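Below, each chain spelled out in residue letters.
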Amino acid sequence: MMTEPKRGLKIDFNGAIEAVSARPKIERGITNAAIEDAKKEGFAGRADGMKIDRRTLRKSARTAQLNMKLRPEIRDEFHRAALGFETLEAFIEHLLQLHRSTQ
């Protein structure tokens, strides 16, 4: 039994490319005015013009994230209980220690 080799599909985007509009240019004057207005209202940029050395963002050694889906009332109780700890991580460590001690 002999089969024909598969033929590749030919996709033509020429008509679609013409329909895509160009990205609007950023007007520096408007951007700078918006930044000045924000500063007057008390908002500040994350770095305020300083370059951030990303190594400082990793110095806590926290490289993993934990996400959970909970009912709102459980989430609220969890956050109220965590208020007694220095960090949320410290609260979770405490919960894990309690779990280990019951095994």
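Quick caveat, the model's predicted, so the values are computed rather than measured.

(A) Main features of the overall build of the protein chain. Within the protein chain, the secondary structure is distributed over four helices and zero strands. Secondary structure elements of the protein chain, listed N to C terminal, follow the sequence α-α-α-α. Burial statistics for the protein chain: of 103 residues in total, 3% are counted as buried. On the protein chain, roughly 11100 Å² of surface is accessible, and the fraction owed to carbon and sulfur atoms is 56%.

(B) Structural view of the packing of helix H3 (residues 72-82) against helix H4 (residues 88-101). One can describe the packing of H3 onto H4 by two numbers: an axis separation of 9 Å at closest approach and a directional angle of 100 degrees. The orientation of H3 relative to H4 falls into the category roughly perpendicular. Contact residues: H3 offers Phe78, Ala81 and Ala82, while H4 offers Leu88, Phe91, Ile92 and Leu95. A breakdown of the residues in the contact of H3 with H4 according to their chemical character gives seven nonpolar, no polar and no charged.

(C) The pattern of salt bridges, seen in detail. Under the definition given, this model contains two salt bridges. Across the pair Glu73 and Arg71 runs a salt bridge, and its minimum N-O distance is 2.9 Å. The partly exposed category is assigned to Glu73, whose relative accessible area is 45%. Residue Arg71 is classed as exposed on the basis of its relative accessible area, which comes to 52%. When the shortest N-O distance is used, the salt bridge between Arg75 and Asp76 registers 3.2 Å. Owing to a relative accessible area of 39%, Arg75 belongs among the partly exposed residues under this scheme. For Asp76, a relative accessible area of 33% translates into the label partly exposed.

(D) The packing of aromatic side chains, seen in detail. Throughout the structure, instances matching the rule amount to two aromatic pairs. Taken together, a centroid distance of 5.1 Å and an interplanar angle of 50 degrees make the contact between Phe85 and Phe91 tilted. Counting every residue linked through ring pairs, the aromatic cluster contains Phe78, Phe85 and Phe91.

(E) Fine view of the confidence of the model for the protein chain. Across the protein chain, pLDDT averages 80, with 74% of residues at or above 70. Looking over the protein chain, one finds the lowest element-wise mean pLDDT in helix H1 (residues 14-19), namely 66, and the highest in H4, namely 93.

Rules used throughout
- Residues numbered from 1 in each chain as written.
- Predicted model: local features only at pLDDT ≥ 70, side-chain atom pairs only at ≥ 80, totals over all residues.
- Heavy atoms only, no water.
- Helix = DSSP H or I, 4+ residues; strand = E, 2+ residues; numbered from the N terminus.
- Buried < 20%, exposed > 50% of the residue type's maximum accessible area, 1.4 Å probe, protein only.
- Areas by Shrake-Rupley, 256 points an atom, 1.4 Å probe, with all protein chains shown as cover.
- Axes fitted to C-alpha atoms, helices over the stretch in contact; angles between N-to-C directions.
- Parallel < 35°, antiparallel > 145°, perpendicular 65-115°, else oblique.
- Contact = heavy atoms within 4.5 Å.
- Nonpolar A, V, L, I, M, F, W, Y, C, P; charged D, E, K, R; others polar.
- Salt bridge = Lys/Arg side-chain N within 4 Å of Asp/Glu carboxyl O.
- Phe/Tyr/Trp six-rings, centres within 6.5 Å; stacked < 30°, edge-to-face > 60°.
- pLDDT = per-residue confidence, 0-100.

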